Amino acid sequence: MSKKPESLADIKKIAVLGAGTMGPGIAQTFAMGGYEVVMWTRSEKTREKAKAALHASLETFAREGEIKAEEVEEIYGRIHFEQTVEEAVKGADFIQETIVENRDAKVALYEQLAACVPENVIIASNTSAMNIFEVVPESLLPQQIICHWYAPPELIPLVEVVKSEEAPEVYAQIAAEFLEKCGKTVARMKKFIQGYIINRLQQCLHREVFHLIDNGYCDAEAIDLAAKASFIPRACVLGICKRIDFGGVDMTANNYRNRSYTMPENGDEMPKALADLVEAGELGIKTGKGFYDYTGVDMDELKAKRDKQLFEVFRLEKKFMQDPV
């Protein structure tokens, strides 16, 4: 492709840089969308682990009926690995960067990209924690966007898309169409803000969660039970803002006027419940204990059960999204 991309038809070959937590699932999504994908990671161990994870995930998708059993090898065959960044991005029309959330590592990678990637290639970062537009070389800003995925990326539909100020609007539009072709749900953002949409909403929820726990109002189990039995399934139908419409905008306004809710004081400080867990080394399923005790639980079976239930939830959500209220 010699000219700058003008439509989805200009996107044919994809490069995924990084094969750790997010890379394999993202590559799988693109390959399931019918695209040739080249992956790069500097670690041979990570590369081999990614290959195994990709194949296992595709087999799971076949068991769940999302793809046909005979398609597993066909899709897997669309994903290739290269030893260097330069080899991975050669001939790519769209680059998805998914490397570790480390500023120095990002700077080093983007310096490599600036030296070898033509100006007619769209570059997307999956960064969660940093403003990538302040990290990349100035020369790359006209082709830089963000496509922010959620884990596990092969299962969670959402990708948040936002472009740099220097990049043309059509690049964000192409990315959105490309992702939708691969089965994702795209939330377009008008401009960048740290945390995007969902991470910011989750952080607000976490603030209140720890306020309730730290002050002895309830425990983690009660919070999860209440959330799963109320606003979370309701949000599958109405979302957040449409729920306000159904409840009455005036009612929400009255909640502000009447100060029926006050923000927890010191909400930005480390919550005691969270600090205690970290200090005790109780980091969740990776250590066998967090808010819940997973002692004696087979973690692979637990994660497989989680994925199976996610398949069911998102099948229903897809049905609702196709015929919204």
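Note that this is a predicted model, so its numbers are computed, not measured. (Residues numbered from 1 in each chain as written. Predicted model: local features only at pLDDT ≥ 70, side-chain atom pairs only at ≥ 80, totals over all residues. Heavy atoms only, no water.)

(A) Local environment of the packing of aromatic side chains. In the structure shown here, the tally under the stated rule is nine aromatic pairs. Pairing tyrosine 35 with phenylalanine 178 gives two aromatic rings, centres 4.9 Å apart and planes at 90°, and the pair type is edge-to-face. Of the two residues, tyrosine 35 sits in the loop between α1 (23-32) and β2 (36-40) while phenylalanine 178 sits in helix α6 (residues 169-181), which places them 143 residues apart along the sequence. Here the aromatic cluster, defined as three or more aromatic residues joined through ring pairs, consists of Phe30, Tyr35, Phe94, Trp149 and Phe178. Note that lysine 51 overlies the ring of phenylalanine 81, its terminal NZ or CZ placed 5.3 Å from the centroid. (Phe/Tyr/Trp six-rings, centres within 6.5 Å; stacked < 30°, edge-to-face > 60°. Helix = DSSP H or I, 4+ residues; strand = E, 2+ residues; numbered from the N terminus. Lys NZ or Arg CZ within 6 Å of the ring centre and 35° of its normal.)

(B) Representation of the pairing of strand β7 (residues 158-163) within the structure. Counted residue by residue, β7 has five buried out of six residues, so it is predominantly covered. As defined by bridge partners, β7 adjoins strand β8 (residues 185-188) across four bridges and the pair is classed as parallel. Each bridged residue has a counterpart across the sheet, and for valine 161 the counterpart in β8 is arginine 188. In terms of handedness, the path from β7 via α6 over to β8 forms a crossover that is right-handed. (Buried < 20%, exposed > 50% of the residue type's maximum accessible area, 1.4 Å probe, protein only. Pairing = 2+ DSSP bridges. Right-handed = clockwise from strand over helix to strand, strands pointing away.)

(C) Main features of the layout of surface pockets. Counted as a void, the second largest pocket has a volume near 1,000 Å³. Every residue lining the second largest pocket is counted, 30 residues in all, and those nearest its centre are Ala53, Glu154, Lys303, Arg306 and Asp307. For the lining of the second largest pocket, the elements supplying multiple residues, two or more each, are α1, α2 (44-63) and α13 (299-322). For the lining of the second largest pocket, the leading source of residues is α2, giving eleven residues. For the lining of the second largest pocket, the residue count by class is 13 nonpolar, seven polar and ten charged. (1 Å grid on protein atoms, 1.4 Å probe; cavity = no way out; pocket = protein on both sides within 12 Å on 5 of 7 lines; lining within 4 Å. Points joined across faces, edges and corners; volume = space filled by probe spheres on them. Nonpolar A, V, L, I, M, F, W, Y, C, P; charged D, E, K, R; others polar.)

(D) Spatial organisation of the sheet that holds β7. The eight strands are arranged β3-β2-β1-β4-β5-β6-β7-β8 in an open sheet whose pairing can be described as mixed. Two strands close off the open sheet at either side, each with one partner strand: β3 (79-82) and β8. Neighbour-to-neighbour, the strand axes of the sheet open up by a mean angle of 25°, direction not taken into account. The pairing of strand β6 (residues 144-149) with β7 spans five bridges and is classified as antiparallel. Bridge pairing in β7 places tryptophan 149 opposite valine 159. (Axes fitted to C-alpha atoms, helices over the stretch in contact; angles between N-to-C directions.)

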